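What follows is each chain in one-letter form.
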Amino acid sequence: HRVASDLIAAGMVTAAQGAPPERIVMLTPDHFKRSTRVFATTARDFDTVLGRVPTDRVASAALLQSPRVADSLLFEREHGLGELLPYVAKLFPGVPVLPVAVRIGATRAQWEQMVELLKPWVTPRTLIIQSTDFSHYLPVEQARRRDQQMLNVIAAGDLDAMARARQPDHIDSRGSQYIQMRLQAQVFGAQPIVFGNYNSADRGATGDDNTTSYVAQVYAPAARDRV
């Protein structure tokens, strides 16, 4: 899962160039299906090899008022979050995180409900970090085709097409990508910039017959702000 560490680091360092955020929303798939509800969060802090990362307890308590959200221990073994938290500890010391795990089988209507739950906590000083791999378990040529389809969907901001994406042929968490796109458009008026895309076979991490793809994206308020 560290094949894409250069893309992760580049995205994190880029995000850290601005003013420190007041909170960081972190979206991850529930890879091991440990949540008892459609979404999960926690009020517990995280210990990492680079220090402690506090959790936004007020925001997590607000999410837990919803019957759709479970208070879960799944995050202790969820690599979707665990791989990113050391970067948060190093680059955003003391900034609280609001973790949200998205069930693989969640529906579009449920994604929309999470968007509404998160809106009060996504302020102009909130950073949203999404942890998702893209195509899974495909031969490299099929994976590249799926990646191109996803790149088109992301560039167009096409939520309908994202909802129709195949999981995991296109992405391992349609819900996380959908929630990210929705919040960025509604709250920030932001559009995506893809700054990196490659396949595990390109890096020699897997053979050509069973691969994983990575797409790194950042969001900017308008095209004229894109650098």
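This structure is a prediction, so every number in the text was calculated from the model and none was measured.

### Regarding the packing of aromatic side chains
Okay, so step 1: With the rule as written, the count across this model stands at three aromatic pairs.
Okay, so step 2: Ring plane angle 85° and centroid distance 6.4 Å describe the contact between Phe 46 and Phe 75, whose orientation is recorded as edge-to-face. Here Phe 75 lies in the loop between strand 5 (69–71) and helix 3 (79–82) and Phe 46 lies in strand 3 (residues 46–48), a separation of 29 residues in the sequence. By the burial criterion, Phe 46 is buried, and Phe 75 matches it.
Okay, so step 3: Pairing Trp 111 with Tyr 178 gives two aromatic rings, centres 5.0 Å apart and planes at 45°, and the pair type is tilted. With Trp 111 in helix 5 (residues 108–118) and Tyr 178 in helix 8 (residues 174–188), this pair connects stretches of sequence that are 67 residues apart.
Okay, so step 4: One cation-aromatic arrangement involves Arg 203 over Tyr 198; the distance from NZ or CZ to the ring centre is 3.6 Å.

### What to know about the pattern of salt bridges
Okay, so step 1: If you walk through the whole model with that rule in mind, you get 13 salt bridges.
Okay, so step 2: Here Asp 47 and Arg 52 are joined by a salt bridge, their closest N and O atoms 2.9 Å apart.
Okay, so step 3: With relative accessibility at 59%, the residue Asp 47 sits in the exposed group.
Okay, so step 4: One salt bridge connects Arg 108 with Asp 160, and the closest N-O pair in it is separated by 2.8 Å. Of this pair, Arg 108 sits in helix 5 while Asp 160 sits in helix 7 (residues 159–164), and the two are 52 residues apart along the sequence.
Okay, so step 5: Look at Arg 108 and you get partly exposed, because its relative accessible area is 33%.
Okay, so step 6: Relative accessible area serves as the criterion here: at 42%, Asp 160 is assigned to the partly exposed category.
Okay, so step 7: Salt bridges sharing partners connect three or more residues here, namely Asp 45, Asp 47, Arg 52 and Arg 57.

### A closer look at the sheet that holds strand 6 (residues 97–102)
Okay, so step 1: Spatial strand order, 5-2-6-1-7: five strands in an open sheet with mixed pairing. Only two strands of the sheet have a single neighbouring strand rather than two, namely strand 5 and strand 7 (126–130). Going across the sheet, the axis of each strand differs from the next one's by a mean of 25°, ignoring polarity.
Okay, so step 2: Where strand 2 (residues 39–41) and strand 6 come together, two bridges link them in antiparallel fashion. Counted as the bridge partner of Phe 39 is Val 102 from strand 6.
Okay, so step 3: The strands touched by helix 5 are strand 1 (23–29), strand 2, strand 5 and strand 6; relative to strand 6, the strand with the most contacts, the crossing angle is about 170°.

### Quick notes on the packing of helix 5 against helix 8
Okay, so step 1: Between helix 5 and helix 8, whose axes approach to 10 Å, the crossing angle comes to 45°. Judged by the inter-axis angle, helix 5 sits oblique to helix 8. As for the relative orientation of helix 5 and helix 8, their crossing is right-handed in sense. Residues Arg 108, Trp 111, Glu 112, Met 114, Val 115, Glu 116 and Leu 118 of helix 5 touch helix 8, and the partners they reach there are Arg 174, Gly 175, Tyr 178, Ile 179, Arg 182, Leu 183 and Gln 186.
Okay, so step 2: Class assignment for the residues of the contact of helix 5 with helix 8 results in seven nonpolar, two polar and five charged.

Thresholds, definitions, all that
Per-chain numbering applies: the sequence of each chain, read as written, is numbered from 1 onward. Residue-level local features of this predicted model are given only where pLDDT is at least 70; pairs of side-chain atoms are given and counted only at 80 or more, and the full residue set underlies all totals for whole chains, interfaces and linings. To get the side-chain values, all heavy atoms of the structure are used, and hydrogens and water are removed first. Under the pairing criterion, centres of Phe, Tyr and Trp rings, with the six-membered ring standing for Trp, must be within 6.5 Å; the plane angle then separates stacked pairs below 30 degrees from edge-to-face pairs above 60, leaving the rest tilted. Think of it this way: any DSSP run of H or I at least four residues long counts as a helix, any run of E at least two long counts as a strand, and we number them from the N terminus. Relative accessibility thresholds used throughout: buried, under 20% of the residue-type maximum; exposed, over 50%; partly exposed, between the two (1.4 Å probe, protein chains only). By definition, being over a ring means that NZ of Lys or CZ of Arg is both within 6 Å of the ring centre and within 35 degrees of the ring normal. One speaks of a salt bridge when a side-chain nitrogen belonging to Lys or Arg is within 4 Å of a carboxyl oxygen belonging to Asp or Glu. Note on pairing: two strands pair once DSSP finds at least 2 bridges between them. The convention used is that axes are lines fitted to C-alpha atoms, helices contributing only their stretch in contact, and that angles between N-to-C directions extend from 0 to 180 degrees. Residues are treated as being in contact if the distance between any of their heavy atoms lies within 4.5 Å. Small angles under 35 degrees read as roughly parallel and large ones over 145 as roughly antiparallel, with 65 to 115 read as roughly perpendicular and the rest as oblique. Each crossing is labelled by how the near helix is turned from the far one, with a counterclockwise turn of less than a right angle marking it left-handed and a clockwise turn marking it right-handed. Polar here means any residue other than Ala, Val, Leu, Ile, Met, Phe, Trp, Tyr, Cys and Pro, which are nonpolar, and Asp, Glu, Lys and Arg, which are charged; Gly is therefore polar.

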